[in-house]
Amino acid sequence: MIRKMTLVGAMLAATTAAAQDSVPIQPIDVNAARAELGKRMFYDTRLSGDTNLACASCHDPEKGFSDGEALSQAYTGAGHFRNSPTLANVGYRAAWMHDGRLGTNLNDVAREMITETYLMNMDMRIMQERMKQDPKYVEMFAAAGMSEPSNGGARNALMDFMKTIVSRGAPVDTGDLSEAATRGQAIFEGKGNCASCHVGPRYTDDQPHNIGVADNPDIWADAERHSAFVTYAKFMGVENYMNLREDLGAYIRNHRPETKRSFLTPTLRELTWTAPYMHNGTIETLAGVVDFYNAGGGDDPLKDESLKPLGLSDGEKADLVAYLEALSGESFDTDAYVWREDDFDYTVIEDWRNVKN
Ligand code: HEC
Ligand code: HEC
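Residues numbered from 1 in each chain as written. Chains lettered and ligands numbered in written order. Predicted model: local features only at pLDDT ≥ 70, side-chain atom pairs only at ≥ 80, totals over all residues. Heavy atoms only, no water.

So, the packing of aromatic side chains
Phase 1: Following the criterion strictly, the structure yields eleven aromatic pairs and no others.
Phase 2: With a centroid separation of 5.1 Å and an interplanar angle of 55°, the aromatic rings of Phe 42 and Phe 161 are classed as tilted. Placement of the pair is Phe 42 in helix H2 (residues 32–42) and Phe 161 in helix H7 (residues 151–163), with a sequence separation of 119 residues.
Phase 3: Its relative accessible area of 3% is what places Phe 161 among the buried residues.
Phase 4: Ring centres of Phe 292 and Tyr 293 lie 5.3 Å apart, and the angle between their planes is 80°; this geometry places the pair in the edge-to-face category.
Phase 5: In textbook terms, an aromatic cluster arises when at least three aromatic residues are bridged by ring pairs, as seen for Phe 81, Tyr 118, Trp 220, Phe 229 and Tyr 232.
Phase 6: Over the ring of Tyr 251 we find Lys 260; its NZ or CZ atom is 5.1 Å from the centre of that ring. (Phe/Tyr/Trp six-rings, centres within 6.5 Å; stacked < 30°, edge-to-face > 60°. Helix = DSSP H or I, 4+ residues; strand = E, 2+ residues; numbered from the N terminus. Buried < 20%, exposed > 50% of the residue type's maximum accessible area, 1.4 Å probe, protein only. Lys NZ or Arg CZ within 6 Å of the ring centre and 35° of its normal.)

The following block contains the structure:
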């Protein structure tokens, strides 16, 4: 039976449950009418300045709510310098963005996505007016208990929709692990030491670590990506941002030298759909990730000391990959997140225009 749980309760469960007794992730209780409104917004390209991008362009349910690119897509004429993360179980995270720079409210992340020049480049006042011009939005805001479309209401609706994106039915939850995956689990929790950072039912401690992921040279080779990076680094108050040629990760928000190039541990849920991997998409496959850890991680003077060469055999590496694959569920394959034509019933708008004429 599905048990309803508050966000706080779920987060407590996430930090106390060990990986070995993995329990399915419990859904978060949200306002259903608000989530339904947020869902419509999530798929609506009118949320971006030039109406080219919806949230779903970069967080595509068919790709585990990521976008399949090493470095994310970006607003027309701009580039991006990070990999688009999955939104699976995003409502449970203690901090967001690869560097953890947003950590209070999930609706702050929605605002950043909408307004950031290299993401959706939208003035929220214009967005609000656009929504007021669409009777379907007016209706949905009212149904969600809000008198009219507003910026704050829109962000809360997006937040509630995102909280409904919860992994379900992965072999690790149903107990349906293959023999290879079962052997892989023992490595994950044992000599692989993976569970020291990838802990609990979401497989993350929500903390930054330096594991020595190599730089992605495409950021510096591409003027549009580089320019977005400079904008970001300058805004975050990093010294010498014009000459910077590395992504400093969590350092950018705390300016503590020992945190340079450390990035938040990502969830390991839904990995099958979210390649390529790491904050900058530099590792293409799960076999590649396992090779990376087998070599003791990457090459960085600040690398976490717990990462050591693992000496896994080819068979053990394959088993570990099988376990990682068993963390993906069926949730995003179902109707729940499929684009629905009738969400955009423009005949409603035509009727409304006819009435006015
Ligand atoms: C043009 C591509 C793009 C669009 C459009 C976009 N995002 Fe994102 N999103 C990203 C990238 C890239 C990141 C990671 C950024 C970083 O780490 O600096 C991200 C991060 C996030 C995160 C944080 C996830 C985590 O685990 O830390 C959330 C939540 C999110 N986006 C939600 C949304 C919502 C809601 C919308 C629509 C309002 C949206 N995004 C539109 C590319 C996009
Ligand atoms: C010291 C903490 C730590 C340990 C130990 C660790 N990881 Fe990670 N893992 C991370 C961090 C941090 C990242 C993200 C790095 C980045 O984005 O540059 C990551 C990324 C990953 C990714 C990519 C996920 C994605 O969506 O991009 C996979 C897969 C992964 N780890 C699996 C493992 C496995 C398997 C092991 C054990 C062999 C392991 N990790 C051990 C911290 C750790």
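Thoughts on the coordination of the iron atom of ligand 1
Four donors placed tetrahedrally about a metal ideally form angles of 109.5 degrees, and six donors placed octahedrally ideally form angles of 90 or 180 degrees.
Phase 1: For the iron atom of ligand 1, the full set of protein donor atoms is His 59 (NE2) and Met 113 (SD), and the range of their distances to it is 2.1 to 2.4 Å.
Phase 2: If you look at the iron atom of ligand 1, its six donor atoms make angles of 87 to 179° with each other, and the shape they trace is octahedral. Taken together, the positions of His 59 in the loop between helix H3 (55–58) and helix H4 (106–115) and Met 113 in helix H4 put the pair 54 residues apart, joining distant regions of the chain. (Donors = N, O, S within 2.8 Å, 3.2 Å for Na, K, Ca; no water. Tetrahedral: all angles 85-135°; square planar, octahedral: opposite > 155°, others 65-115°.)

Some thoughts on the site of ligand 2
Phase 1: Close to ligand 2 lie 24 residues, the nearest being Cys 194, Cys 197, His 198, His 279 and Tyr 293.
Phase 2: His 198 has a polar side-chain atom sitting 2.8 Å from a nitrogen atom of ligand 2.
Phase 3: Contacts to ligand 2 include Tyr 293, whose side-chain N or O atom sits 2.7 Å from a nitrogen atom.
Phase 4: Every element with two or more residues in the shell around ligand 2 is listed here: strand E2 (263–264) and helix H13 (286–294).
Phase 5: Looking at side-chain class alone, the shell around ligand 2 contains 15 nonpolar, eight polar and one charged residues. (Near = heavy atom within 4 Å. Polar contact = N/O pair within 3.5 Å; in protein donor to acceptor, adjacent residues only side chain to side chain. Nonpolar A, V, L, I, M, F, W, Y, C, P; charged D, E, K, R; others polar.)

Notes on the nonpolar core
Phase 1: Ranked by internal contacts, the top residues of the largest apolar core, which has 34 residues, are Leu 37, Met 41, Phe 42, Ile 114, Met 127 and Leu 158.
Phase 2: Excluding residues within four positions of it along the chain, Ile 114 makes contact with Leu 47, Met 120, Asn 121, Met 122, Met 124, Met 127 and Leu 158.
Phase 3: One finds Leu 286, Val 290, Leu 307 and Val 321 within the second-largest nonpolar core, a separate group that totals 24 residues. (Core = buried A, V, L, I, M, F, W, Y, C linked by side-chain atoms within 4.5 Å. Contact = heavy atoms within 4.5 Å.)

Shape is all these values report; function is a separate question.
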